[in-house]
Amino acid sequence: MTGIVHVLRALAAAGAALLAVTASAPVAAARPEPKAPPEFVDLRSVDPTIITEMRYTTAHNFMGEPVDGYRQPVCILTRPVARALRTAQQSLLRQGYSLKVYDCYRPQRAVDHFVRWAKDLDDQAMKDEFYPEVGKARLFEDGYIAEKSGHSRGSTVDLTLVKLPARPTGPYEPGEELTACYAPEAERFPDNSVDMGTGYDCFDTLSHTDDPRVRGEQRANRQFLKATLAGLGFVNLAEEWWHYTYRPEVFPDTYFDFPVARRSVAGH
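### Some remarks on the sheet that holds strand E6 (residues 234-236)
Spatially, the five strands line up as an open sheet ordered E2-E4-E5-E7-E6, and their pairing is mixed. A strand with exactly one partner marks an edge of an open sheet, and here the two such strands are strand E2 (51-52) and E6. On top of the sheet, helix H3 (residues 79-94) reaches strand E4 (97-103), strand E5 (156-163), E6 and strand E7 (243-246); it is set at about 145 degrees to E4, its chief contact. Along the sheet, helix H6 (residues 216-230) contacts E4, E5, E6 and E7; its crossing angle with E5, the most-contacted strand, is approximately 125 degrees.

### Some thoughts on the pairing of E4
The element E4 is largely enclosed, with a buried count of seven among its seven residues. In this sheet, E4 lies alongside E2 in parallel orientation, the contact comprising two bridges. By the bridge assignment, Ile51 is partnered in E4 with Lys100. Where E4 lies against E5, six bridges are found, and the strand directions are antiparallel. The residue of E5 that forms the bridge with Asp103 is Asp158.

The rules behind each value
Residues numbered from 1 in each chain as written. Predicted model: local features only at pLDDT ≥ 70, side-chain atom pairs only at ≥ 80, totals over all residues. Heavy atoms only, no water. Pairing = 2+ DSSP bridges. Helix = DSSP H or I, 4+ residues; strand = E, 2+ residues; numbered from the N terminus. Contact = heavy atoms within 4.5 Å. Axes fitted to C-alpha atoms, helices over the stretch in contact; angles between N-to-C directions. Buried < 20%, exposed > 50% of the residue type's maximum accessible area, 1.4 Å probe, protein only.

And the structure:
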């Protein structure tokens, strides 16, 4: 019996020692979220009159769900881009228009989310609106999805024009009936912007800025936006009427991953 007691006491002592070591071990600190360099700003701090409709914080996008890294509907850009947009906005306001941004800086984690979604060929919940004529298996080959985005460098913005006074835009309700992004304006998802011929993020050749099938008022609106921005250093991506990159870029070779949130640029 004495031997058994001795063994039990030894085990209890060993257990107590192990608990002591565990309690004294430092707790691994949660990895802090990266913040934006001081060259990045919230667009509203530079020009609060520019309309902001950050689509990727919502479920109304080609994936049908909020995108990773988009914590708040805030447009973050490098400071020279924000200032150039302010100059464009001042000119547009005198003509009865406003800029509206759909997407600005995009973290790498969001791009990674796009890539994972594109590889899941079974998930086609938003096909009828955003890519009705494009097979999902072709999204990489056709250039609609890529593993890197210029948006992650902070000098690219997706935007459009709104005729003032701006009408309200109705909310998207997940599960509602979808209409092709290139349908006539009255049939597409309601947007208070001018008619550009397609909706935002329309995966179709009709989104090419100079597609010859886009004529009349729609073509004039695209050219008005392009002319307004071109003289201020913005270069349009020919495949997307909404996509503009400011040159020279502040960070031409860096792809950032801080979240889209006000705290990322707090104090800038």
